[in-house]
Each structure stands twice: as C-alpha cells, then as structure tokens.
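Observations on the three-dimensional arrangement
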Amino acid sequence: LLRLNLVSVKHLMQIKMRFLVLDADKSGTIDKEEIMDESGKDHTPHPEIKYALEALKSIHHEIEAMQTERNKLSVEEKTRQNDEFQAIATKKTNEAALNKTWGRFYKQAWFKCLVTSLIWVSSGIIFYTQWQQWGFFQSLYYTIQAGMSVGFPLPSEDDMCLKPDIKGVAGTFIYPEG
C-alpha cells in the first residue's frame, strides 16, 4: 500500500500503534477476547466496534429467544412452520428470479431490435394493405424490401404500381425507373 501511495507513512504508523494497543497478549494477532476486553490498560474500544458488538449481542439475544420458543413447540408444529417458511422462501426466490430474468430480457439489444422490426413490419403491412389495397404477402414483401433498401436507390415500383388491376393512390404517381 505504501509503494502504491494508497496510504501515508504516518497513517500506517497509526494503524500499527492501534494494532499494538488491541493486541493485549502480544501474540501478533487480535483475538475476539482482546477486542471484547474492556478492562485492559490504555484500551478504549473504538465507538464503531462498540456499536457492532452491541448489535451482535442484541441479534444473539433475539436468536436465543427464538430458539427457546421453538424448543417449546411439538414436532408437528415445527414441521408445519418449516414447510410454511420454505414455501414463502421458494415463492420469493421464484418471484425474484422472474423479475431478474425479465429485467435482463427486455434490456437486451437483440430484443429491442426484434421489437422495432416487428413494429416496422406490422405498420408497413397495415399501411400498404389499407393505402394500396394490396394483399398481405405483397405488403409484407414490399415492407421488407423498403426496409432493407434504406440508403440505397429505390427499387422500381413501375411493375407494381402501374398495373391496371391495382386500384390505389400510388398508381397515379410517377416513379423514376431504378
């Protein structure tokens, strides 16, 4: 850490001095008893350590209370409780997995492209079937051709639009030959 300039020499010496204070038995390691020992000379536990120890003690007391309550239950009640807890945990896990899967699914680039393409094709089919009175497959074909030829010269619509049997607005326009 010192070579990487992540800590100063002064800070490193403060850490070492704090370690020496906590290492009451001079073993080179800090044991649980040394941290929890408040009777040592010149030893005042850090406020964060005190808070963490109090939180651990309260959690420990809660767990002991739950265990004593559980020991009073019959085997059938314990089994029923376990089954209920397991069903709740399984349900929460399944919901979380489903939410996580869907959350990843609709954010994927391929999914966005697929939805955009489907919207493009369906709107093109609706447009050409209504505006040109073409059939479904002809509208599908022309929608795909129009989408794939973006940026290229337009394909010639003369064969499609100037046929006498097509009754549509586009048949009255003049298109350049491609």
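Treat the numbers as computed from the prediction; the structure is a model and nothing was measured.

**Considering the overall build of the protein**
Helix and strand counts for the protein come out as seven helices and zero strands. Each helix and strand of the protein, placed in order from N terminus to C terminus, yields the pattern α-α-α-α-α-α-α. With 178 residues in all, the protein has 14% of them scored as buried.

**Focus on the environment of Phe 127**
Residue position: Phe 127 is located in helix 5 (residues 109-131). The partly exposed category is assigned to Phe 127, whose relative accessible area is 41%. With 16 residues separating them in the primary sequence, Phe 127 and Thr 143 have C-alpha atoms 9.3 Å apart.

**Describing the confidence of the model for the protein**
Mean pLDDT over the protein stands at 75; residues scoring 70 or higher make up 68%. Within the protein, no element has a lower average pLDDT than helix 7 (residues 158-161), which sits at 53, and none a higher one than helix 5, at 90. Overall, residues 174-178 carries pLDDT values under 50, and its contacts beyond four positions in sequence, including any with other chains, amount to eight contacts.

**Re unusual backbone geometry**
Here the phi dihedral of Gln 133 falls at roughly 55°; this positive angle occurs in a residue that is not glycine. With respect to the helices, strands and loops of the structure, Gln 133 is situated in the loop between helix 5 and helix 6 (136-148).

**Description of the packing of aromatic side chains**
Taken as a whole, this structure holds seven aromatic pairs when the rule is applied. Measuring from centroid to centroid gives 4.9 Å for Tyr 128 and Tyr 142, while their planes differ by 90°, and the two rings are edge-to-face. Of this pair, Tyr 128 sits in helix 5 while Tyr 142 sits in helix 6, and the two are 14 residues apart along the sequence. We note that Tyr 128, like Tyr 142, is buried.

**Focus: the pattern of salt bridges**
In total, this model carries two salt bridges according to the counting rule given. Lys 72 is the partner of Glu 69 in a salt bridge, and the nearest nitrogen-oxygen pair spans 3.6 Å. Close ionic contact of Glu 84 with Arg 80 constitutes a salt bridge, the shortest N to O distance being 2.8 Å. In this pair, Glu 84 and Arg 80 both sit in helix 4 (residues 75-105), four residues apart, roughly one turn of the helix.

How each quantity is defined
- Residues numbered from 1 in each chain as written.
- Predicted model: local features only at pLDDT ≥ 70, side-chain atom pairs only at ≥ 80, totals over all residues.
- Heavy atoms only, no water.
- Helix = DSSP H or I, 4+ residues; strand = E, 2+ residues; numbered from the N terminus.
- Buried < 20%, exposed > 50% of the residue type's maximum accessible area, 1.4 Å probe, protein only.
- pLDDT = per-residue confidence, 0-100.
- Contact = heavy atoms within 4.5 Å.
- Phe/Tyr/Trp six-rings, centres within 6.5 Å; stacked < 30°, edge-to-face > 60°.
- Salt bridge = Lys/Arg side-chain N within 4 Å of Asp/Glu carboxyl O.

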